[in-house]
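Understanding the architecture of this molecule
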Amino acid sequence: MTSDEVRSVSRRPLPLDYSKPNLARMKDALLGGHDYYEVDRRAVADLLALAPDSAAMAKETRSWASRVVRFLAGARGIDQFLDLGSGLPTAENTHQSAQRYNPDALVVYVDHDPVVQAHGLALLEDHLVHVSGADLTDPAQTLGDPVVAEHIELDRPVAVILNSVLHHIEDLGEARAIVRAYADAIAPGSYLLITHDFTPGDGARGALAQKLDDLMAETGHRTVHRGREEIVSLFDGLDILEPGVVHLHEWWPEGPRLAPLTELNYLSLGGVGVKPSAS
């Protein structure tokens, strides 16, 4: 492939609204990017006032995804990745992690957010990647999207990434159905990567999780911190790789941890499921 194979989004973007905080821009600000506005900065400032380690945790979540992508590309031979709800491109994107271990790895980024669509193509135009504007909450639309359908071969193993997106779906049954639809569509030997906001229930951490949900609701981007069993249920029908659904820093850390752990490290879980062969 060459850089001129990068595709534009396959559907008309939603209209941009600069009067309200945007989730993709807020994440960009937390990750140290520059593609955000004053309304996003204020929302992030409120978040940091409540949870000062939010920026470190955003980077932790990105680091987890990069670590798993490197593992799948290097140790498991996966050469196609479908990154759903990918957000704005920033440091160590999925294609960078995958292509470091497999230069031929193909990555399709999917994000319905108009901000991501507006910025993504310009920032990725020199890379061997593709960008789709499909809505990840509609698996049939997403998998039938021209960009996805042209480049992702569903009859052979693929890694589907759902990193920090499912906790924005309030109804657990809907979240399960979305994951199940993707799992049903992909070939045996494919992987689903999931991170999700976690609440331990009672106690100080549970109270912090609820405050974070309340604060995000004020931005117009609701989140739901769910219990462990609810998060594990998202992997129904899949074989969960060791060490299981765990705090992100516990998922095969690469050597001694140098950065200190914070309370937010314990308010997120991640895991990787593999679709088994038909019995």
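Everything numeric here is computed off the predicted structure, so don't read it as measured data.

The buried count for helix α1 (residues 23–30) comes to 7 of 8 residues, which makes it a mostly enclosed element. For α1, the set of buried residues is Leu23, Ala24, Arg25, Met26, Asp28, Ala29 and Leu30. For α1, the capping residue at the N-terminal end is Asn22, with a side-chain oxygen 2.9 Å from the backbone nitrogen of Ala24. Taken from the residues just after α1, Gly32 is the one with a positive phi, measuring 90 degrees.

Residues Trp64, Leu72, Phe81, Tyr191, Leu193 and Val272 are the most contacted members of the largest nonpolar core, which totals 41 residues. Among the elements of the structure, α1, α2 (38–50), α3 (54–74), β2 (106–110), β4 (159–163), β5 (191–197), α9 (203–219) and β8 (268–274) are those that each provide at least two residues to this core. Filtering out sequence-adjacent residues up to four positions away, Trp64 remains in contact with Asn163, Leu193, Ile194, Thr195, Leu248, Trp251, Gly270, Gly271 and Val272.

In this section: the environment of Thr199. Among the secondary structure elements, Thr199 is positioned in the loop between β5 and α9. Thr199 gets classed as buried once you look at its relative accessible area, which sits at 18%. A sequence separation of 70 residues divides Thr199 from Leu269, and the C-alpha atoms of the two residues are 9.4 Å apart. When sequence neighbours within four positions are dropped, the list of residues in contact with Thr199 reads Gly206, Ala209, His225, Arg226 and Gly227. A polar contact of 3.1 Å, which involves the side chain of Thr199, links it to the backbone nitrogen of Gly201.

Another point: the side chain of His247. Inspection of the secondary structure puts His247 in strand β7 (residues 246–247). On the accessibility criterion, His247 (10% relative accessible area) is buried. There is a polar contact of 3.5 Å between the side chain of His247 and the backbone oxygen of Asn265.

Let's shift gears to the environment of Asp197. Position of Asp197 among the secondary structure elements: in strand β5. Overall, the relative accessible area of 16% leaves Asp197 in the buried class. Residues Asp197 and Gly227 lie 30 residues apart in sequence; the distance between their C-alpha atoms is 8.8 Å. When neighbours within four sequence positions are excluded, Asp197 is seen to be in contact with His167, Thr223, Val224, His225, Arg226, Ile231, Leu267 and Ser268.

Our focus in this paragraph is the confidence of the model for the protein chain. Looking at the protein chain as a whole, its pLDDT mean stands at 87, while 88% of the residues score no less than 70. Predicted confidence for residues 1–13 stays below pLDDT 50, and this span has 42 contacts to residues more than four positions away or in other chains.

Applying the stated criterion across every chain yields a total of 8 salt bridges. We note a salt bridge from Glu38 to Arg41, for which the minimum N-O separation is 2.6 Å. One end of the pair is Glu38 and the other is Arg41, both in helix α2 and 3 residues apart, which spans about a single turn. The partner of Glu263 in a salt bridge is Arg205, with the nearest N and O atoms 2.8 Å apart. Highlighted residues: Glu263 in the loop between β7 and β8 and Arg205 in helix α9, separated in sequence by 58 residues.

Further remarks concern the pairing of β4. Buried residues dominate β4, accounting for 5 of its 5 residues. Taking every second residue as pointing to the same face, both faces of β4 are buried, with Ala159, Ile161 and Asn163 on one and Val160 and Leu162 on the other. As defined by bridge partners, β4 adjoins β5 across 5 bridges and the pair is classed as parallel. The residue of β5 that forms the bridge with Val160 is Leu192.

Okay, the packing of α2 against α9 next. As a packed pair, α2 and α9 sit with axes 11 Å apart at the nearest point and diverge in direction by 170 degrees. Considering the angle they form, α2 stands roughly antiparallel to α9. Between α2 and α9, the residues in contact are Ala43, Asp46, Leu47 and Leu50 and Leu208, Lys211, Leu212, Leu215 and Thr219, respectively. Among the residues making up the contact of α2 with α9, the classes are represented as 6 nonpolar, 1 polar and 2 charged.

Another aspect to go through is the environment of Arg156. Along the chain, Arg156 turns up in the loop between α7 (146–151) and β4. A C-alpha to C-alpha distance of 7.8 Å links Arg156 and Gly189, two positions 33 residues apart in sequence. In contact with Arg156, other than residues within four places in its own chain, are Asp79, Gln80, Ala187 and Ser190.

What follows deals with helix α8 (residues 172–185). Since the α-helix turns once every 3.6 residues, residues separated by three or four places project in the same direction. Here α8 spans 20 Å end to end across 14 residues, near enough to the 20 Å set by a 1.5 Å rise per residue. Tucked into the core, α8 has its buried residues touching β1 (80–84), α6 (139–144), β4, β5 and α10 (228–232).

Cut-offs and rules
Counting from 1, residues in each chain are numbered in the order their sequence is written. With pLDDT at 70 or above as the cut-off, local features in this predicted model cover only qualifying residues; side-chain atom pairs require 80 or more to be listed or tallied, and sums for whole chains, interfaces and linings still use all residues. Derived side-chain values reflect all non-hydrogen atoms in the structure, with water molecules and hydrogen atoms excluded from consideration. Burial classes follow relative accessibility: with a 1.4 Å probe on protein chains only, a residue under 20% of its type's maximum area counts as buried, one over 50% as exposed, and anything between as partly exposed. Put simply, DSSP H or I for four residues or longer makes a helix, DSSP E for two residues or longer makes a strand, and each gets a number counted from the N terminus. N or O atoms closer than or at 3.5 Å make up a polar contact, with two conditions inside protein: a donor-capable atom paired with an acceptor-capable one, and, for residues adjacent in sequence, both atoms drawn from side chains. By nonpolar core we mean a set of buried residues, namely Ala, Val, Leu, Ile, Met, Phe, Trp, Tyr and Cys, connected to one another through side-chain atoms within 4.5 Å. Note on definitions: a residue-residue contact is assigned when non-hydrogen atoms from the two residues lie within 4.5 Å. A score between 0 and 100, pLDDT records how confident the predictor is in each residue. Here, a salt bridge means any Lys or Arg side-chain nitrogen found within 4 Å of an Asp or Glu carboxyl oxygen. Here the rule is simple: two strands pair whenever DSSP picks up at least two bridges between them. Convention adopted: a line fitted to C-alpha atoms gives each axis, helices being fitted over their contacting stretch, and angles between N-to-C directions are expressed from 0 to 180 degrees. Just so you know how the angles are binned, under 35 degrees is roughly parallel, over 145 roughly antiparallel, 65 to 115 roughly perpendicular, and the rest oblique. Three residue categories are used. Nonpolar comprises Ala, Val, Leu, Ile, Met, Phe, Trp, Tyr, Cys and Pro, charged comprises Asp, Glu, Lys and Arg, and polar comprises the others, including Gly. One less than the number of residues in a helix, times 1.5 Å, gives the span that helix is expected to have.

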